[in-house]
Amino acid sequence: MIEVKNLTKIYRIPHERHNTLFEVLIGYIKHQMDWEPFCALDNLTFKINQGEIIGLIGKNGSGKTTLLKILSGITPPTKGTYTVKGSVAPFLSLGIGFHHELTAKENLFLYGAIIGISRKKIEKQLKAILDFAEVERFQDMKLKNFSSGMQARLAFSMMIQSNPNILLVDEILAVGDKDFRPKCISVFQRYKKEGKTVVFASHDLKTIREYCDKVILLHKGKMLAFDKPENVIKRYEEI
Amino acid sequence: MKKNTFSYYYNLIRELSWADFKLKYYGSILGLFWSFLKPFLMLLILYTVFNYFLKAGIKNYHIYLLLGIAIWNFFADGTKSSLQSILSKKNILQKINLSPTAVVISAIVHSFWTFIITLIIFFILFFFLGFTLDLNAILLLYFIFLSFFLVLGVSFLITPLYMKFKDFEHIWDVFLQMLFWATPIVYSQANVPQKFLRWYMLNPVTRIIADARDTVIYHSFPDLKQLFFTTIIVLVIFITGFLIFKKYSRQLIENL
């Protein structure tokens, strides 16, 4: 279950970034405000029940990623509260957490440690993970020689091994090829059957319409709608 | 495995430092050997200069110097690698819920193992040269423990500064250079003028090195009051560092 109350996130956008001590001192002397506020999320309140698949739509820069980042605990909100009950697997960017100079297998151990899976458990499931990602032949190859699609598949395959209660996903379907996409979707559906919550941001309205129980529409940081897919998508097409 | 449990952090720190280790020596011929070569080259240089040119006149100077260098290198390398750690993992930290605290600790773990192995080599040399230990030497374990928390505490204090100001790296370099000479590594604290001594002894690295030498080389038990005071200094540095880091690290990572 995810509950969000009056959630607001304000970023400070610096006019000119002051990175060295000297520049900061100059800034103090000149006494000017060197940043302006940018409201990425504006007073959001909503509740997501366990077992729902929620779509997150909105134009670029509407706050989708920021919302997912806050829910996964990466960035703190400026105001408001959020409660997330259950183990969360944030899946915001594919292949992040991977290191290019390490091999696929080594990366799995490292990534596993980050999301909370022990080395032993990964060794046991290694074949399944590599199989799902379709990269079994390349397990001892350095990741820098992988294509971005292969990296994405590996990351996704690893993520679903962590068996979370809540999955937060940011536009990953855009990367996979036509065979991988249905695979992801089938995982989402399996999750739904198992009573898990999935929140996923996407620009693919067709998928959203087909699989989501409810959809959140964000526009310039505000939540314009939180309703059945058809209604929300109609609204989205109007703006 | 649940997050926020000991086994989660243990596993995370182990994997992070193991990956760092593999990346660090990738493509070098001597690899791991460099870590141990460094303190001994340093020993060779300092020994030549201070024993033959400047005539420091300290008995068993090689052993004396090596113990100092081992502890100092752990302090200098540990803090330096922790400075780099957050910045080099910037991408991950901004996109995955990865504990910044674990990243800093894992950066120190590598320096810590180097330190331990340098100490083992130190003791091989120590016994080879015919020195002996007595029961007091057990205290060395306590000094290793203290140095670990000192390095960790200082790292927690300085990494936020580095995240905020990129030129802190240079400041820290110069500061380490200064601290090297303000610590009795190549000379003895007995050479320090009496009027400075009070301030001089506030430096926790000095206190640890001096006491470690007393117990290992001179078989004497350090003054308990002083030892207690050292522990307090280290604890204060560690706790303030930890609290500051906990409070500001996420915010600073967001703005990197």
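Note that the structure is a prediction, hence the values are computed from the model and not measured. As a convention, each chain's residues are numbered from 1 in the sequence order in which they are written. All chains are assigned letters beginning with A, and all ligands numbers beginning with 1, in the order in which they are written. Thresholds applied to this predicted model are a pLDDT of at least 70 for local features of residues and 80 or more for the giving and counting of side-chain atom pairs; totals over whole chains, interfaces and linings are not thresholded and use all residues. In computing side-chain values, all of the structure's heavy atoms are included and hydrogens and water are not.

Draft legend 1. Geometry of the nonpolar core. Among the nonpolar cores identified, the biggest contains 128 residues, and Ile57(A), Leu154(A), Phe156(A), Trp72(B), Phe75(B) and Ile86(B) are the most heavily contacted of them. We count a stretch as a helix when DSSP gives it H or I for four or more residues in a row; a strand needs E for two or more, and each element gets its number in order from the N terminus. When residues in this core are grouped by element, the largest group, 15 residues, is from helix 3 (residues 61-88) of chain B. To define a nonpolar core, start from buried Ala, Val, Leu, Ile, Met, Phe, Trp, Tyr and Cys residues and group those joined through side-chain atoms within 4.5 Å. Buried residues are those whose accessible area, probed at 1.4 Å on protein chains only, stays under 20% of the maximum for their type, while exposed residues exceed 50% and partly exposed ones sit between those limits. Membership of the second largest hydrophobic core comes to 21 residues, among which are Val4(A), Ile48(A), Leu71(A) and Ala201(A).

Draft legend 2. Molecular detail of the confidence of the model for chain B. Scored by pLDDT, chain B has a mean of 88; 98% of the residues are at 70 or more. Quick note on the complex model: pTM equals 0.81, ipTM equals 0.74. pLDDT expresses, on a scale from 0 to 100, how confident the predictor is about each individual residue.

Draft legend 3. Region of interest: the sheet that holds strand 7 (residues 197-201) of chain A. Residue and element names in this part refer to chain A. On the basis of which strands lie adjacent, the open sheet formed by 6 strands has the order 5-6-7-3-8-9 and mixed pairing. Every other strand in the sheet has two partners, leaving strand 5 (88-91) and strand 9 (222-227) as the edge strands with one partner each. Direction aside, the axes of adjacent strands within the sheet are offset by 15° on average. By the convention used here, residues are in contact when the closest approach between their heavy atoms is within 4.5 Å. Only the stretch in contact is used when a helix axis is fitted, and all axes are lines through C-alpha atoms; the angle between N-to-C directions ranges over 0 to 180 degrees. Relative to the sheet, helix 5 (residues 148-161) contacts strand 5 and strand 6 (166-170), its axis offset from that of strand 5 by approximately 170°. Strands are labelled as partners when DSSP assigns at least two bridges between them.

Draft legend 4. Summary view of the packing of helix 3 of chain B against helix 9 (residues 204-216) of chain B. Residue and element names in this part refer to chain B. At a minimum axis separation of 10 Å, helix 3 and helix 9 run at an interaxial angle of 145°. Seen from above, helix 3 lies across helix 9 with right-handed handedness. Contact residues: Tyr-64, Leu-65, Leu-67, Gly-68, Ile-71, Trp-72 and Phe-75 in helix 3; Val-205, Ile-208, Ile-209, Ala-212, Arg-213 and Val-216 in helix 9. Grouping the amino acids of the contact of helix 3 with helix 9 by side-chain chemistry returns 11 nonpolar, 1 polar and 1 charged. Here a crossing is taken to be left-handed if its near helix is turned anticlockwise relative to the far helix by less than a right angle, and right-handed if that turn runs clockwise. Side-chain classes are defined by residue name, with Ala, Val, Leu, Ile, Met, Phe, Trp, Tyr, Cys and Pro counting as nonpolar, Asp, Glu, Lys and Arg as charged, and the others, Gly among them, as polar.

Draft legend 5. Molecular detail of the pattern of salt bridges. Residue and element names in this part refer to chain A. Here, a salt bridge means any Lys or Arg side-chain nitrogen found within 4 Å of an Asp or Glu carboxyl oxygen. According to the stated counting rule, one finds 12 salt bridges over all chains in the structure shown. In this structure, Arg-190 engages Glu-194 in a salt bridge whose closest nitrogen and oxygen atoms are separated by 3.4 Å. When its relative accessible area of 43% is taken as the criterion, Glu-194 is described as partly exposed. The structure contains a network of salt bridges with shared partners spanning Glu-101, Lys-142 and Lys-144.

Draft legend 6. Structural view of the interface of chain B and chain A. At the junction of the two partners, chain B supplies 31 residues and chain A supplies 33 residues. In this assembly, chain B packs against chain A so that about 2,700 Å² is buried in total across both faces, 61% of it on carbon and sulfur atoms. Here the buried area means the combined drop in accessible surface, using a 1.4 Å probe, for two parts upon being joined, counting both sides. In terms of surface lost to chain A, no three residues of chain B exceed Lys95(B), Ile96(B) and Glu254(B), which account for 20% of the buried area on that side. For Arg119(A), the salt bridge identified is with Glu15(B), shortest N-O distance 2.7 Å. In protein, a polar contact requires one atom able to donate a hydrogen and another able to accept it; more generally it is a pair of N or O atoms within 3.5 Å, and residues adjacent in sequence count only if both atoms are side-chain atoms. Summed over the shared surface of chain B and chain A, the number is 4 residue pairs in polar contact (both at pLDDT 80 or more). Looking at the side of chain B that touches chain A, the elements that each hand over two or more residues are helix 1 (6-24), helix 4 (90-95) and helix 10 (224-254) of chain B. Broken down by element, the side of chain B that touches chain A gets its largest block of residues, 10 residues, from helix 1 of chain B.

Draft legend 7. Main features of the pairing of strand 8 (residues 214-219) of chain A. Residue and element names in this part refer to chain A. As paired elements, strand 3 (residues 53-57) and strand 8 share 4 bridges and run parallel to each other. Across the sheet, the residue bridging to Gly-55 is Val-215, located in strand 8. Relative to strand 9, strand 8 runs antiparallel, the two being bridged by 5 bridges. The residue bridging Leu-218 from the neighbouring strand is Met-223, located in strand 9. The loop that links strand 8 with its antiparallel partner strand 9 comprises 2 residues; one of these, Lys-220, has a positive phi angle of about 50°.

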